[in-house]
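What follows is each chain in one-letter form.
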Amino acid sequence: YQRRVHGHHELIVCRADRADTNRWGRKLGQPFPGLQKCSLGAAWFLGVTFLIFMPLLYYSSFSPALATNSIQLLSVDVLLGSSPPLYTSRTPNPIPSMDSSLASVLADRIQFTRMMSLAPHQFSSQDTALQVISLTSYSKSMWILSPPARIDLLNYLQDNTTSIQMEIVVTLSRLRGSGGPTFQVTQTWSVPEETRYELISLLLGMGVSNYTVKLPNFYSPFLYNSPTTIKGYEFPYAEWGHQNCYFQLTAINGMSFSTLLCSAFFTGGNGEQPSHYSKDEQDCFQNPITCPQYDSSSQNAGHKLVPIYFACVSSMVPTGTGLGGLFESFGIITLYSTFIFALARVMRWMLTGRAFRVALEDMLDPTLLIRLVEDIKLARAEGALDMEEELYIELINIYRSTELLKVWTTPPEHRPNASVPNLSILVPTLNSS
């Protein structure tokens, strides 16, 4: 049935094409008129040009629609074992925006003083924006432990067979991005043996006196906010990109809360003010080769102590949503190459193998074949299935023989005898086949 319908369609199209050829006054086998070739060629050229360049023009309109995917909210929890967080803090929502010129200069200066660790990561770039986000020095919640929980924590710290670790859990919310708005970045710090004993002393004196514990090489403040995720920078050495911190429990009326201070980026602070820089640091900004190197936590141990902070570098992301945002998120090379490849495949399918269809498309008059197909349709409608099968096999045999196809599609006036072909003579019958 499908073959019959398809064959009927092809024959109708062939008759229409033949009528169009007669309209141009062209005989079969003759070249097409110049006007027809020029008009069809121009139409093909304009169509292909439109298909190739229209997506490029459409996609280029997305380029100005890139914006900084800034961090809107940041919170930090410092955990030790299964006890409540030692320290917890969060920024106001939204985080106050940082001046773009100051952020660009600060990114360059941070990279100048950390060339070994940050230069391979392109920390300072025209396509990124820096945010230095500071939290409070004090915890936003009291650190309350029941006596049994305190004993469990002491036993945990005194167990020399286990590796004691602290976790710094950073939760960030951003403005936009294809990977989602909220992410968690967890850093793990292995507690050195001397720090373990200091933490035990801190717990034993809890609620009685203030006690400060040094946390060497505690955390890395460098975070990267890509279009799909937020993660920390990876460094080849454990101390690179890390800062020393100091943890203190303050007792008030028998209750304790913690404070957390860390070494700043520069000698006097994180660089928001000119007074934060030493003379050596100011000189190095004029000649970066002379910059002091603060790649490791031991090299910046003498810097001013400030509340814990993070330097988050955010990539530019598309501002669109839905289908437009989806196209914007692709690279132009990827999108355009895929489109051109698909277009080339379609055009190849349309334009190749045409020589095999000459006998089917350049018929003088397909009227008799159209009538035969319609007879097959009529036989099926009347329920004469044997006749339908016989006529269908005869139709297939005509298509299998170019000589029979030529006879059946030759108009009466061009035949040696002006009679209609005798089906029983020209085409093998069902029984003979």
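Because the structure is a prediction, the values reported are computed rather than measured.

Okay, the overall build of the protein next. Looking only at helices and strands, one finds 14 helices and 13 strands in the protein. Relative to its 433 residues, the protein shows a buried fraction of 37%. Here the analysis covers contacts within the protein between residues at least 6 apart in sequence; of these, 71% occur between residues at least 24 apart. Total accessible area computed for the protein in this model is approximately 24300 Å², and 59% of it derives from carbon and sulfur atoms.

Moving on, we get to the nonpolar core. If you look at soluble globular proteins, the nonpolar side chains tend to sit buried side by side. One finds V76, F123, L130, F218 and L260 to be the most contacted residues of the largest nonpolar core, which totals 65 residues. Discounting chain neighbours no more than four positions away, the residues touching L260 are V78, Y87, S137, L215, F218, C245, Y246, F247, V306, P307 and I308.

All right, on to the sheet that holds strand 6 (residues 182-190) then. Overall, antiparallel pairing links the 4 strands, which are arranged 3-2-5-6 in an open sheet. Two strands lie at the open edges of the sheet, namely strand 3 (87-90) and strand 6, each paired on one side alone. Strand-to-strand twist across the sheet, computed as the mean angle between neighbouring axes with direction ignored, equals 10°. Where strand 5 (residues 165-174) and strand 6 come together, 9 bridges link them in antiparallel fashion. Bridged to L172 within strand 6 is F183.

Strand order in the open sheet made by the 4 strands is 7-10-11-12, with antiparallel pairing throughout. If you trace the sheet from one side to the other, it starts and ends with strand 7 (211-219) and strand 12 (305-307), each paired once. Averaged over all adjacent pairs, the angle separating strand axes in this sheet is 35°, with direction ignored.

What follows covers the confidence of the model for the protein. Low pLDDT means the predicted atomic positions in that stretch should not be read closely. Taken residue by residue, the protein gives an average pLDDT of 80. The fraction at 70 or more is 81%. By mean pLDDT, helix 14 (residues 423-426) is the weakest element of the protein at 44, and strand 12 is the strongest at 95.

The two faces of the sheet receive side chains in turn, since in a regular strand these alternate between them. The pairing of strand 8 (residues 222-225) with strand 9 (residues 230-232) spans 3 bridges and is classified as antiparallel. Bridge assignment links N225 to a residue of strand 9, and that residue is I230. Taking the residues between adjacent antiparallel strands as the criterion, strand 8 and strand 9 are bridged by 4 residues.

This part takes up the side chain of T88. Position of T88 relative to the elements: it lies in strand 3. Polar side-chain contacts of T88 include one of 2.6 Å to the side chain of D77. With sequence-adjacent residues up to four places away left out, T88 is seen in contact with V76, D77, Y138, S139, K140 and S141.

What follows concerns the packing of aromatic side chains. One pass over the full model with this rule turns up 14 aromatic pairs. For the pair Y224 and Y233, a centre-to-centre distance of 6.1 Å together with 45° between the ring planes defines the contact as tilted. Overall, Y224 belongs to the partly exposed group, its relative accessible area being 24%. Seen in terms of ring centroids, Y277 and F285 are 5.1 Å apart; in terms of plane orientation they differ by 85°. Their pairing is edge-to-face. As far as the burial class goes, Y277 and F285 line up, both buried. Put simply, the rings of F123, W189, F218, Y219, F222, Y224, Y233, F235, F265, Y309 and F310 touch in pairs and so form one group of aromatic residues.

What follows deals with a nonpolar patch on the surface. A contiguous nonpolar patch, built from L40, W44, V346, W349, M350 and L351 and spanning about 670 Å² of accessible area, is present on the exposed surface. Looking at the nonpolar patch, the elements that each hand over two or more residues are helix 2 (34-60) and helix 9 (332-351). Of the residues forming the nonpolar patch, the biggest block, 4 residues, is contributed by helix 9. For V346, the position within the fold is in helix 9.

A few words on unusual backbone geometry. Apart from glycine, the bulk of residues carry a negative phi angle, and the bulk of peptide bonds sit in the trans form. One non-glycine residue, N217, adopts positive backbone phi at about 55°. Along the chain, the position of N217 falls in strand 7.

If you check helix 3 (residues 100-112), its first and last C-alpha atoms are 18 Å apart, about what 13 residues at 1.5 Å a residue would give, namely 18 Å. Residues A103, L106, A107, I110 and Q111 constitute the buried set of helix 3. The arc enclosing the buried residues of helix 3, seen along the axis, measures out at 130°, which places them on a common side. Buried positions along helix 3 lie against helix 4 (115-118), strand 4 (128-134) and strand 8.

The subject of this paragraph is the pattern of salt bridges. In this structure the tally under the stated criterion is 2 salt bridges. Of the charged contacts in the structure, one is a salt bridge between D283 and K279, with a shortest N-O distance of 3.0 Å. Of this pair, D283 and K279 both sit in helix 7 (residues 279-286), 4 residues apart, roughly one helical turn. Judged by its relative accessible area of 60%, K279 falls in the exposed class.

Before going further, it helps to examine the environment of Q158. Within the fold, Q158 resides in helix 5 (residues 147-158). Expressed as a C-alpha distance, the spacing of Q158 and L199, which sit 41 residues apart in the sequence, is 10.0 Å.

Moving on to the state of the cysteines. As enumerated under the stated definition, the model contains 2 disulfides in all. Paired through a disulfide, C284 and C291 show a sulfur-sulfur distance of 2.2 Å. Judged by the sign of its S-S torsion, about 80°, the bond between C284 and C291 is right-handed. For the pair shown, C284 and C291 are each scored as buried. Each bonded cysteine in the protein gets a number by its place in the sequence, and the pairs come out as 1-2, 3-4.

Conventions we followed
- Throughout, a residue's number is its position along its own chain's written sequence, starting from 1.
- Given that the model is predicted, a residue must reach a pLDDT of at least 70 before its local features are reported, and side-chain atom pairs must reach 80 or more before they are shown or counted; all residues, however, enter totals for whole chains, interfaces and linings.
- Neither water nor hydrogens contribute to the side-chain values; these are computed over all heavy atoms in the structure.
- The way it works is that DSSP assigns letters per residue, a run of H or I at least four long becomes a helix, a run of E at least two long becomes a strand, and they are numbered from the N terminus.
- Burial classification: accessible surface area is computed with a 1.4 Å probe over protein chains only, and a residue below 20% of its type maximum counts as buried, one above 50% as exposed, and the rest as partly exposed.
- Here a residue-residue contact requires only that any non-hydrogen atoms of the pair lie within 4.5 Å.
- Residue-level accessible areas treat just the shown protein chains as cover; the underlying method is Shrake-Rupley with a 1.4 Å probe.
- The criterion is simple. A nonpolar core is a set of buried Ala, Val, Leu, Ile, Met, Phe, Trp, Tyr and Cys residues joined through side-chain atoms within 4.5 Å.
- In this scheme, strands are said to pair when DSSP sees at least two bridges between them.
- In this analysis, axes come from line fits to C-alpha atoms, helices being fitted only over the stretch in contact, and the angle between any two N-to-C directions falls in the range 0 to 180 degrees.
- Predictor confidence is given residue by residue as pLDDT, running from a minimum of 0 to a maximum of 100.
- Contacts described as polar in this section are N or O atom pairs within 3.5 Å, which, within protein, must combine one atom able to donate a hydrogen with one able to accept it, while residues neighboring in sequence count only if both atoms come from side chains.
- Centres within 6.5 Å make a pair out of two Phe, Tyr or Trp rings, where for Trp the six-membered ring is used; the pair is then stacked when the planes are under 30 degrees apart, edge-to-face when over 60, and tilted otherwise.
- What makes a patch is a set of residues exposed beyond 30% relative accessible area and free of salt bridges, joined within 9 Å when like-charged and within 5 Å when nonpolar (Val, Leu, Ile, Met, Phe, Trp, Tyr).
- Only one rule defines a salt bridge in this text: a Lys or Arg side-chain nitrogen within 4 Å of an Asp or Glu carboxyl oxygen.
- In this scheme, a helix's expected span is set at 1.5 Å multiplied by one less than its residue total.
- Directions from the helix axis toward the C-beta atoms define the arc.
- Sulfur atoms of two cysteines make up a disulfide when they are within 2.5 Å.

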